[in-house]
Amino acid sequence: ASAFYPSLGGVEELCRQLAMELMRQGHGVIVLTNRWPRDLPATETLDGIPVYRLPFRLPEGSAKAAINYHLTHSRIEREMLAILRAHKIDVLNIHCVSSNAHYAMIAQEKLNLPLVVTLHGELTGDANNAFGKSAQARATLMRSLQRAELVTACSARVLADAEVFYGGTLAAKSRVIPNGVYLGDFRGIRPYTRSRPFLLGAARLVHQKGFDVLLRAFKESVAGSYDLVIAGDGPEKKTLESLAARLGFEGRSIFVGRADRSLMCSMFCGCDCFVLPSRGAEAFGIVNLEAMAAGKPVIASRVGGVPELVADGATGILVSADNVGELAAAIKKLCGDMVLRHRMGDAGRGRASQYAWPTIAARYVDAFTASGEKN
């Protein structure tokens, strides 16, 4: 995994839940991830998952970075191979191509293991545009696609983007496996409450997530009768808080920062509807799926893989990205119609059941089996 707990994000949560479900189904699983920040423990067990952290360095960047790589990469490789041998690993699964992929491909070669590369929108979803800026990142992604026995993607849009980058079809060795959800996470939960009903937004607070658009749309729609709760952290947090103050949302908006799993589930269950106003191409939008699993309607931008999940007019409303007026109209429509909210919420819960983790994990196991047959 490119990142894992205590880091919080869609890929981290996806990997955690996939590992837990695979273990429930009787498979042995370990997570190998980058040791960053460096003061994190080299190994620990989280939710029953053995987690190993290694400083996955690349020979790129400053002279100091290049020197560190050449001084340490042999030791890091030895430690990684020893871990994989000790656990008698049968298959390697990369989640989100980064420096982790460089080391996974070394393990593939040294241990003759099948490699499955799982894509999460690396080319369009990275707020830092790593693949646009870094020739090393692009080369690592290309080699990963070439070397993989099988490529999976969380949406058809992500797979299509990968094929454009690859310069040809991946059809012979690719499949779409969407993200999963545990419906039980949202049953029997005490809903998060405020003195007024509230809208919920949740994601990393970066420009591409469009929370400034949400604040302005909230001002134009229901700011007088609703509160707005935004969960997440990131470089735009202070800017967004300042914008909320300028818009006069004192007491009406709350930025809760990083939210743990139980708080997020509680907020999903307590909101009237969930809003993800992304500017960029969302690979999938796992938070949309979680809102649907909680029985809540979704308002989201019509970008990336989102339309593959959110059925416009049935489980939510899709709007144009970066369009305050459209978003405000959608918020006003849903907040003003309780019957519509309940109908869309019920439909969303039904649709979310198709993404239950036992089913999705079984599709991964089938992919792992197929990769072993090709190896």
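Within every chain, residues take consecutive numbers counted from 1 along the sequence as written. Local features in this predicted model are restricted to residues whose pLDDT is 70 or higher, and side-chain atom pairs enter the listing and the counts only when it is 80 or higher, whereas totals over whole chains, interfaces and linings include all residues. Note: side-chain values were computed over all heavy atoms of the structure, leaving out hydrogens and water.

Caption draft 1: Here's a closer look at the sheet that holds strand S11 (residues 273-276). Here, strands pair whenever DSSP counts at least two bridges between them. Numbering of helices and strands runs from the N terminus; a helix is a DSSP stretch of H or I covering at least four residues, while a strand is a stretch of E covering at least two. Strand order in the open sheet formed by 6 strands is S10-S9-S8-S11-S12-S13, with parallel pairing between adjacent strands. At either end of the open sheet lies a strand with only one pairing partner, and these are strand S10 (253-257) and strand S13 (316-319). Geometrically, the sheet is characterised by an average inter-axis angle of 20° between neighbouring strands, direction not taken into account. The sheet contact formed by S11 and strand S12 (residues 298-301) spans 3 bridges and is parallel. The residue bridging Val275 from the neighbouring strand is Ile299, located in S12. Should any heavy atoms of two residues lie within 4.5 Å, those residues are considered in contact. Angles here are taken between N-to-C directions and fall from 0 to 180 degrees, while the axes themselves are lines fitted to C-alpha atoms, restricted in helices to the stretch in contact. This element, helix H8 (residues 211-221), spans strand S8 (198-202), strand S9 (227-231), S10 and S11 of the sheet and lies at about 170° to S9.

Caption draft 2: Examining the pattern of salt bridges more closely. Think of a salt bridge as a Lys or Arg side-chain nitrogen and an Asp or Glu carboxyl oxygen that are within 4 Å of each other. This model, assessed by the stated rule, comprises 21 salt bridges. Where Arg261 meets Asp185, a salt bridge forms, and the shortest distance between an N and an O atom there is 3.1 Å. Placement of the pair is Arg261 in helix H10 (residues 261-270) and Asp185 in the loop between strand S7 (174-176) and S8, with a sequence separation of 76 residues. The buried label applies to any residue whose accessible area, calculated with a 1.4 Å probe on protein chains only, is under 20% of its type's maximum; exposed applies above 50%, and partly exposed to all values in between. Assessed through its relative accessible area of 22%, Arg261 is described here as partly exposed. The class of Asp185 is partly exposed, set by a relative accessible area of 24%. The shortest N-O distance in the salt bridge between Asp212 and Arg279 comes to 2.6 Å. Remark: Arg279 occurs in the loop between S11 and helix H11 (286-293) and Asp212 occurs in helix H8; sequence separation between them is 67 residues. Accessibility assignment for this pair places Asp212 and Arg279 in one class, buried. Within the structure, one salt-bridge network assembled from shared partners comprises Glu13, Arg16, Asp47, Asp185, Arg261 and Glu290.

Caption draft 3: Summary view of the pairing of S9. Most of S9 sits inside the fold, with 5 of its 5 residues counted as buried. Taking every second residue as pointing to the same face, both faces of S9 are buried, with Asp227, Val229 and Ala231 on one and Leu228 and Ile230 on the other. Bridge count between S8 and S9: 5 bridges; the pairing is parallel. Note that in S9 the partner of Leu200 across the bridge is Val229. By convention, a crossover is right-handed whenever its connection, traced from the first strand over the helix to the second and viewed with the strands pointing away, goes clockwise. In terms of handedness, the path from S8 via H8 over to S9 forms a crossover that is right-handed. One ladder, built from 4 bridges, connects S9 with S10; its direction is parallel. Of the residues in S10, the one forming a bridge with Ile230 is Phe255. In terms of handedness, the path from S9 via helix H9 (residues 237-246) over to S10 forms a crossover that is right-handed.

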